[in-house]
Amino acid sequence: MATGSPYFDDLRCQSEVINPPRNEDCTDIGEHMNGLAQHTTKPNATVSSSVRELLECPVCLNAMYPPIHQCSNGHTLCSGCKPRVHNRCPTCRHELGNIRCLALEKVAASLELPCKYQSFGCIGIIPYYSKLKHESECSFRPYNCPYAGSECTVIGDIPYLVAHLKDDHKVDMHVGSTFNHRYVKANPHEVENATWMLTVFSCFGQYFCLHFEAFQLGMAPVYIAFLRFLGDDETAKNFSYSLEVGGNGRKMIWQGVPRSVRDSHRKL
């Protein structure tokens, strides 16, 4: 929510649950996922480091996907790096031509690998050519720190980020579904420097981040407040919130659904 009103001196946030997930539903899902994991985990899924090295591009060091190119001596590289080496093999300097390494592509198609977010709890074993797509959508992939003021690069799961925000960024921690903040300024038409704050509050067994910012945009002061959910977007849709802004006898109320912290501060 954004407003150019100079009377942005009283902000109230209230969060509520829309169709909260029931405990028995969560149990059923957990049992289903455990059964799926037992089905997909295979004893021969471990891939030796030598095979992984064969599938690693010697230029960018990333995993290779079709079309995989090779020179006349059998050295391989990915299709993205071929233009970068000016059609010369980076290993032996022979001309690459348009030879595809079909054998290596078939080897890759037969592989199944663990998700790279295994350490965060993902137990899936993924076909090689589906691995990138799975990891881009994996529900266990870590979250970026939502602290906007420092471009923090810390990532982790929700409990880790909550502790990080509290201990390292010293943000205000609040328990409950309502929160009041008073922003007092002698002349609200003037915002010399960007001012912002982040408050984390816990309610309904979840964590939410309330952002408030004040900055100058051209000649006008701008005041922004929005709420983000510490979790995925699907769970965020179970909640709603309202922001009430008032000052000098006027009041404005905004109601909405919180966005996930998967969406960056800049995007919001």
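Okay, so let's go over this structure. (Residues numbered from 1 in each chain as written. Predicted model: local features only at pLDDT ≥ 70, side-chain atom pairs only at ≥ 80, totals over all residues. Heavy atoms only, no water.)

**Topic: the overall build of the chain**
So the rule is basically this: Only DSSP runs of H or I with at least four residues qualify as helices, and only runs of E with at least two residues qualify as strands; both kinds are numbered from the N terminus onward. Contact between two residues is taken to exist if any of their heavy atoms lie within 4.5 Å; hydrogens are not considered. With residues, only the protein chains shown are counted as cover, and all accessible areas are computed by Shrake-Rupley using a 1.4 Å probe.
Tallying secondary structure elements over the chain gives six helices and 16 strands in all. In the chain, 53% of the contacts between residues at least 6 apart in sequence involve partners at least 24 apart. Approximately 15,900 Å² of the chain is accessible, and the part contributed by carbon and sulfur atoms is 52%.

**What about unusual backbone geometry?**
It is generally the case that most residues other than glycine have a negative phi and that most peptide bonds are trans. Each neighbour pair has its own omega, and for proline 66 with proline 67 the value is -5°, a cis peptide bond. Of note, proline 67 is situated in the loop between helix H2 (49-54) and strand E3 (68-70). The phi dihedral of leucine 61 is positive, around 70°, even though this residue is not glycine. Checked against the element boundaries, leucine 61 lands in the loop between H2 and E3.

**Let's talk about the nonpolar core**
Test applied: We define the nonpolar core as a collection of buried residues of types Ala, Val, Leu, Ile, Met, Phe, Trp, Tyr and Cys that are connected through side-chain atoms lying within 4.5 Å of one another. The cut-offs for exposure are 20% and 50% of the maximum accessible area for each residue type, with area from a 1.4 Å probe on protein chains only; residues under the lower value are buried, those over the upper are exposed, and the others partly exposed.
In this structure, Leu55, Cys57, Met64, Leu77, Leu96, Leu104 and Tyr128 are the most contacted members of the largest nonpolar core, which totals 17 residues. Listed by contribution, the elements that provide at least two residues to this core are strand E4 (76-78) and helix H3 (102-109). The contact partners of leucine 104, leaving out residues within four places of it in the chain, are Leu54, Leu55, Met64, Ile68 and Thr76. Grouped together as the second largest cluster of nonpolar side chains are 16 residues, Met197, Phe208, Ala236 and Phe239 included.

**Points about the environment of aspartate 263**
Within the secondary structure, aspartate 263 is located in the segment after strand E16 (259-260). Among the residues examined, aspartate 263 registers a relative accessible area of 15% and is labelled buried. Along the primary structure aspartate 263 and tyrosine 143 are separated by 120 residues, whereas in three dimensions their C-alpha atoms are 9.9 Å apart. Discounting chain neighbours no more than four positions away, the residues touching aspartate 263 are Arg228 and Leu268.

**Examining the packing of aromatic side chains**
Cut-off, in case you're wondering: The pairing test for Phe, Tyr and Trp rings, Trp by its six-membered ring, is centres within 6.5 Å, and the orientation test on the planes gives stacked under 30 degrees, edge-to-face over 60, and tilted for anything in between. By definition here, charges over rings are those cases where NZ of Lys or CZ of Arg is within 6 Å of the ring centre and within 35 degrees of the ring normal.
Evaluation of the coordinates by the stated rule reveals nine aromatic pairs. By way of ring pairs, the aromatic residues Phe201, Phe204, Phe208, Phe229 and Phe239 are connected into one cluster. Geometry around tyrosine 143 places arginine 262 over its ring, the cationic atom sitting 3.8 Å from the centre.

**So, the pattern of salt bridges**
Where side chains of opposite charge bring their charged atoms close, a pairing between them can arise. Note the threshold: Every case where a carboxyl oxygen of Asp or Glu lies within 4 Å of a side-chain nitrogen of Lys or Arg is listed as a salt bridge.
Summed over all chains, the structure comprises seven salt bridges. Put simply, glutamate 234 and lysine 237 hold a salt bridge, and the shortest N to O gap is 3.4 Å. Residue classification places glutamate 234 among the exposed positions, given a relative accessible area of 58%. We classify lysine 237 as partly exposed; its relative accessible area is 47%.

**Observations regarding the pairing of strand E12 (residues 206-217)**
Our working rule: Two strands qualify as a pair provided that DSSP identifies no fewer than 2 bridges between them.
The pairing of E12 with strand E13 (residues 220-229) spans 10 bridges and is classified as antiparallel. Pairing of alanine 214 across the sheet is with tyrosine 223, part of E13.

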